[in-house]
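Chain by chain, the residues run as shown.
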Amino acid sequence: HEQAERKKQEELRRREAEARRGRKIEIAKVTASDEDPRRGWSAAKAIDGNVEEPHGYWLTQRNAPKQAWLELTLAEPAQIDRVVLFHQLNPGHYRTLDYTVAVRADGAWKPVVAVKDNKDAGWVVHVFDPVVTDAVRLDITRSAHTDRMGVGEIELRIVEQGM
C-alpha cells in the first residue's frame, strides 16, 4: 500500500512539473460569476498558488449554479500557449467536469480549450497555438456535484524557445 501511494505521489509531482513548465504570466485582476468568501473560497484563491484542499480553492456558493465563470485580466498583453488548471484530487468534491477556456485577442473572445467529462485530477495542462491576449476566461458548465462549481488553481504560461 505504501509503495502504491508513493508511486501516486511521484506521478502527481511529475504532472505538476510538466504542467508548470515555462514562464508564468502575471495576472492583475481576477473576477468570478460567484464566490463564497465567507467560507474562504474567493475568486482570488484561484491564482494564489495554493492548491491545498479546501483552503486554496475558488468555489461558488452552494446555490446549484448552471454555470460559473472566472475571468483573469493580465497586467499587460502577453503571449501565452498554455492554460494550466488544478482540479480537485478528491472526486467526491466539486471537480470540474465540463469547461471551456477562451482568450481575448483583438477585443474578441476566442475559444482555445473545450473539455467534456473531465476525469483528470490535480494539475492539467492545455497547450494551444501561441496567442497574444489581455484576458482569459474559464467557463464551467458542469461539476461533479451540482450544488457548487470551482477550481483549485489556474495559471497562464508560455514555454519559450530553449526552455
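See above for the structure.
Parameters and conventions
Residues numbered from 1 in each chain as written. Predicted model: local features only at pLDDT ≥ 70, side-chain atom pairs only at ≥ 80, totals over all residues. Heavy atoms only, no water. Buried < 20%, exposed > 50% of the residue type's maximum accessible area, 1.4 Å probe, protein only. Helix = DSSP H or I, 4+ residues; strand = E, 2+ residues; numbered from the N terminus. Pairing = 2+ DSSP bridges. 1 Å grid on protein atoms, 1.4 Å probe; cavity = no way out; pocket = protein on both sides within 12 Å on 5 of 7 lines; lining within 4 Å. Points joined across faces, edges and corners; volume = space filled by probe spheres on them. Nonpolar A, V, L, I, M, F, W, Y, C, P; charged D, E, K, R; others polar. Salt bridge = Lys/Arg side-chain N within 4 Å of Asp/Glu carboxyl O. Contact = heavy atoms within 4.5 Å. Phe/Tyr/Trp six-rings, centres within 6.5 Å; stacked < 30°, edge-to-face > 60°.

**Here's the deal with the pairing of strand β5 (residues 96-105)**
For β5, a buried count of eight out of ten residues is recorded, marking the element as mostly surrounded by other parts of the structure. Direction of pairing for β5 relative to strand β7 (residues 122-143): antiparallel, over a ladder of eight bridges. Among the inter-strand pairings, Asp 98 is bridged to a residue of β7, identified as Arg 142. Between β5 and the antiparallel strand that follows it, strand β6 (residues 108-115), lie two residues; Asp 106 among them carries a positive phi value of about 55 degrees.

**Overview of empty space enclosed by the protein**
With the rule as written, the count across this model stands at one cavity of 30 Å³ or more. Looking at which element gives the most residues to the lining of the largest cavity, the answer is strand β9 (residues 153-158), with four residues. Split by residue class, the lining of the largest cavity holds five nonpolar, no polar and three charged.

**Considerations on the pattern of salt bridges**
Applying the stated criterion across every chain yields a total of 16 salt bridges. Between Arg 20 and Glu 16 there is a salt bridge; the shortest N-O distance is 2.8 Å. For Glu 16, a relative accessible area of 27% gives the class partly exposed. Residue Asp 117 pairs with Arg 142 through a salt bridge whose shortest N-O separation is 2.4 Å. Taken together, the residues Asp 117 in the loop between β6 and β7 and Arg 142 in strand β7 connect sequence positions 25 residues apart. Residue class for Asp 117 comes out partly exposed when judged on its relative accessible area of 41%. Assessed through its relative accessible area of 32%, Arg 142 is described here as partly exposed. Salt bridges sharing partners connect three or more residues here, namely Glu 16, Arg 20, Lys 24, Glu 155 and Arg 157.

**Some words on the environment of Val 51**
Mapped onto the secondary structure, Val 51 falls in the loop between β2 (27-32) and β3 (58-59). Separated by 37 residues in sequence, Val 51 and Gln 88 have C-alpha atoms that sit 8.4 Å apart. Apart from the residues lying within four places of it in its own chain, the contact partners of Val 51 are Tyr 57, Phe 86, Trp 123, Gly 152 and Glu 153.

**Examining the packing of aromatic side chains**
Under the defined criterion, the tally for this structure stands at two aromatic pairs. Seen from their ring centres, Tyr 57 and Phe 86 are 6.4 Å apart, and the 75 degrees between their planes marks the pair as edge-to-face. Of this pair, Tyr 57 sits in the loop between β2 and β3 while Phe 86 is found in strand β4 (residues 68-87), placing the two residues 29 residues apart along the sequence. Of the two residues examined, Tyr 57 and Phe 86, each falls in the buried class. Here Phe 86 and Trp 123 contribute two aromatic rings whose centre-to-centre distance is 5.2 Å and whose plane-to-plane angle is 70 degrees, an arrangement assigned as edge-to-face. Of this pair, Phe 86 sits in strand β4 while Trp 123 sits in strand β7, and the two are 37 residues apart along the sequence. Owing to a relative accessible area of 5%, Phe 86 belongs among the buried residues under this scheme. Classification of Trp 123 by relative accessible area gives buried; the value is 5%. Put simply, the rings of Tyr 57, Phe 86 and Trp 123 touch in pairs and so form one group of aromatic residues.

**Thoughts on unusual backbone geometry**
Positive phi is not limited to glycine here, since Asp 106 has a value of about 55 degrees. Mapping Asp 106 onto the fold places it in the loop between β5 and β6. A positive phi is found at Asp 117, a non-glycine position, where the angle reads about 60 degrees.

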